[in-house]
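# Per-entry structural report
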Amino acid sequence: MIKRRTFAAMAACVAAAALAAPAIADDYGTERLNYTIAFGPGGGNDRMSRTVVDILRTYDLYPGNIVVENREGGSGAVGFSFVANNAGDPYRLTSTSGNFIGTPLVSDTDWTYADFTPIGLLASDAMLLVVRSDSGYESVDAFVEAANAGRVTIAGSGSAGPERVTAELFAQAADIEFEYVPIGSGGELVTALTSGSVDAVVANPSEVGGQLEAGTLVALAFSDTARSTNNPDVPTFMELGYDFSFSLPRGVVMPGGVDAEVQDWWIETLQQVVETPEWQEYLVTNGMSGNPIWGDDFGAYLAETSARYHETLVSIGAIEE
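What counts and how
Residues numbered from 1 in each chain as written. Predicted model: local features only at pLDDT ≥ 70, side-chain atom pairs only at ≥ 80, totals over all residues. Heavy atoms only, no water. Axes fitted to C-alpha atoms, helices over the stretch in contact; angles between N-to-C directions. Helix = DSSP H or I, 4+ residues; strand = E, 2+ residues; numbered from the N terminus. Parallel < 35°, antiparallel > 145°, perpendicular 65-115°, else oblique. Contact = heavy atoms within 4.5 Å. Nonpolar A, V, L, I, M, F, W, Y, C, P; charged D, E, K, R; others polar. Phe/Tyr/Trp six-rings, centres within 6.5 Å; stacked < 30°, edge-to-face > 60°. Buried < 20%, exposed > 50% of the residue type's maximum accessible area, 1.4 Å probe, protein only. Lys NZ or Arg CZ within 6 Å of the ring centre and 35° of its normal. Pairing = 2+ DSSP bridges. Right-handed = clockwise from strand over helix to strand, strands pointing away. Patch = residues over 30% accessible without salt bridge, like charges linked within 9 Å, V, L, I, M, F, W, Y side chains within 5 Å. Areas by Shrake-Rupley, 256 points an atom, 1.4 Å probe, with all protein chains shown as cover. Salt bridge = Lys/Arg side-chain N within 4 Å of Asp/Glu carboxyl O. Lys, Arg positive; Asp, Glu negative; His and termini not counted. Charge placed at Lys NZ, Arg CZ, Asp CG, Glu CD. pLDDT = per-residue confidence, 0-100.

A few words now on the packing of helix 2 (residues 44–58) against helix 9 (residues 260–273). The geometry of helix 2 relative to helix 9 is characterised by a closest axis approach of 10 Å and an angle of 95 degrees between their N-to-C directions. The orientation of helix 2 relative to helix 9 falls into the category roughly perpendicular. Side by side, helix 2 and helix 9 meet where Val52, Ile55 and Leu56 of the first sit next to Trp266, Thr269, Leu270 and Val273 of the second. Its residues assigned to classes, the contact of helix 2 with helix 9 shows six nonpolar, one polar and no charged.

Quick look at the structure:
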């Protein structure tokens, strides 16, 4: 877990680390770095990617020029395909998201997560189980008791996205049944919950942050393996005895076939990125949890997340085995 520091201490630490850059061939970094964003401008993946690039530039962590290009289309399929088809190129990076896992599962793509070199998970995009503060559900156990006593409804954005997967994994772990209500956007989710149309929502922390702070809504549990760095008082489902976790990767990968030395260079470089105050501000502003994972461990995380996502989509009938 990232330790929070003062701005001055953090900046000094990063500046010193930048002088001790990872060892690699003397000429690495002299060529142009191509950073592909697989989505359009202004979205979550775009904001994360440009934050990373801005930090690389601000702290001179990459010696050469950096060119950022949006290649949107097909829920990430176009941009990720472009990067994957440049196998072995040590000057290409892209940022992952939920679609990096989900799109190959529901669409016929020419790539999967396994066609990339894993660098690092920089932030976790996990979900909260949220209820109204006056709902009477003071804990997850209380919600489970209500589900066992009668019908409960849980809403989330979309019918086969991470909210649906999280709700299903919770139901399986708690051995309950529920009615799932797919709703279009975060604002609509909040409206459905505050109006009493549904009993609970599964939502990204950024979608409900204002209402949680105001006290109109209460978060009962978090779906990551560790507590959120932005909502440290909210326990994980696993802490509460519900044996599951699910989050989506806000990370960085390169094309497959990149030399191990280049992979290590970027791991050490991005370890400096996540220690900056700018990155800490990004996490807070966007409701992300900062629990980094690096290299092969990140690769294992991608494999596990993909397998769980696939299994759940099959179980709810969204895709076939």
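Tallied over the entire structure, the rule returns 20 aromatic pairs. Judged by centre distance (6.1 Å) and plane angle (85 degrees), the rings of Trp111 and Phe116 are edge-to-face. In terms of burial, Trp111 and Phe116 fall into one category: buried. The interplanar angle of 40 degrees and the centroid separation of 5.2 Å between the aromatic rings of Phe170 and Phe237 together place this pair among those described as tilted. With Phe170 in helix 6 (residues 162–174) and Phe237 in the loop between strand 9 (217–222) and strand 10 (247–255), the pair connects residues that are 67 residues apart, well separated along the chain. Residue Phe237 is classed as buried on the basis of its relative accessible area, which comes to 2%. By way of ring pairs, the aromatic residues Tyr137, Phe143, Phe170, Phe237, Tyr242 and Phe244 are connected into one cluster. A cation over an aromatic ring shows up here: Arg164 above the ring of Tyr180, its NZ or CZ 4.8 Å from the ring centre.

Its location among the elements puts Thr269 in helix 9. A relative accessible area of 1% means that Thr269 is categorised as buried. Between the C-alpha atoms of Thr269 and Ser81, which are 188 residues apart in sequence, the distance is 25 Å.

This brings us to the pairing of strand 2 (residues 66–70). When strand 1 (residues 33–37) meets strand 2, the two strands line up parallel, connected through five bridges. Looking at strand 2, one finds that Asn34 is bridged to Val67. On the question of chirality, the crossover connecting strand 1 to the parallel strand 2 by way of helix 2 is right-handed.

Let us now look at a negative patch on the surface. Residues Asp259, Glu261, Asp264 and Glu268 make up a contiguous surface patch of negative charge. Relative to the helices and strands, Asp264 resides in helix 9.

Looking at where Asn291 falls in the secondary structure, it is placed in the loop between helix 10 (277–285) and strand 11 (293–294). C-alpha separation for the pair Asn291 and Thr229, spaced 62 residues apart in sequence, amounts to 7.9 Å.

On the basis of which strands lie adjacent, the open sheet formed by five strands has the order 7-6-8-5-9 and mixed pairing. Lying at the two open borders of the sheet, with one neighbouring strand each, are strand 7 (179–183) and strand 9. Mean inter-strand twist for the sheet, computed between neighbouring axes without regard to direction, equals 30 degrees. Both strand 5 (residues 128–132) and strand 8 (residues 200–203) contribute to a ladder of three bridges, which runs antiparallel. Along strand 8, the bridge assignment pairs Leu128 with Ala203. This element, helix 7 (residues 186–194), spans strand 5, strand 6 (153–157), strand 7, strand 8 and strand 9 of the sheet and lies at about 160 degrees to strand 8. Against the sheet, helix 8 (residues 205–214) engages strand 5, strand 6, strand 8 and strand 9, with an angle of about 140 degrees to strand 9.

This paragraph deals with the confidence of the model for the protein. On average, residues of the protein carry a pLDDT of 89, and 92% of them reach 70 or more. The low-confidence segment residues 1–12 (pLDDT under 50) makes 25 contacts with residues lying over four places distant or belonging to another chain. Low pLDDT, under 50, characterises residues 14–23; the stretch is placed with 12 contacts to residues that sit more than four places away or in other chains.

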